[in-house]
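# Results of the structural survey
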Amino acid sequence: MTMPLPPRVEEDLEAHLRPIRAAHPGITAGEAAPLLPEHLRQPFWERAVGRYLTKALSELEHEEKP
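The paragraphs below set out a description of the structure included in this document. Just so we're clear, the structure is a prediction, and the values are computed from it rather than from any experiment.

## A look at the packing of helix H1 (residues 7-23) against helix H3 (residues 38-64)
At a minimum axis separation of 10 Å, H1 and H3 run at an interaxial angle of 90 degrees. Classified by the angle their axes make, H1 and H3 are roughly perpendicular. Touching Val9, Glu10, Asp12, Leu13, Glu14, His16, Leu17 and Arg21 of H1 are His39, Leu40, Pro43, Phe44, Arg47 and Arg51, all from H3. Residues belonging to the contact of H1 with H3 are distributed by class as follows: six nonpolar, two polar and six charged.

Here it is in structure tokens:
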């Protein structure tokens, strides 16, 4: 399991992502990252990778159950 972002970083990240998502519905992480301020790119990718890994592990666990 990955460590969650500190609440203040999460809030700052979401505040920057809201207008990006509104202007570009369906934007991918790879497309959104360069539009973020430099100081938020690493936390953005940490969160994205953490969510991906959590989902992938959950799917693997679900497949393994008889």
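## Digging into the environment of leucine 17
Tracing the backbone shows leucine 17 in helix H1. For leucine 17, a relative accessible area of 2% corresponds to the buried category. A C-alpha to C-alpha distance of 13 Å links leucine 17 and histidine 39, two positions 22 residues apart in sequence. Filtering out sequence-adjacent residues up to four positions away, leucine 17 remains in contact with Ala32, Leu36, Phe44 and Arg47.

Parameters at a glance
- Residues numbered from 1 in each chain as written.
- Predicted model: local features only at pLDDT ≥ 70, side-chain atom pairs only at ≥ 80, totals over all residues.
- Heavy atoms only, no water.
- Axes fitted to C-alpha atoms, helices over the stretch in contact; angles between N-to-C directions.
- Helix = DSSP H or I, 4+ residues; strand = E, 2+ residues; numbered from the N terminus.
- Parallel < 35°, antiparallel > 145°, perpendicular 65-115°, else oblique.
- Contact = heavy atoms within 4.5 Å.
- Nonpolar A, V, L, I, M, F, W, Y, C, P; charged D, E, K, R; others polar.
- Buried < 20%, exposed > 50% of the residue type's maximum accessible area, 1.4 Å probe, protein only.

Without other data, these values stay purely geometric and don't point to any function.
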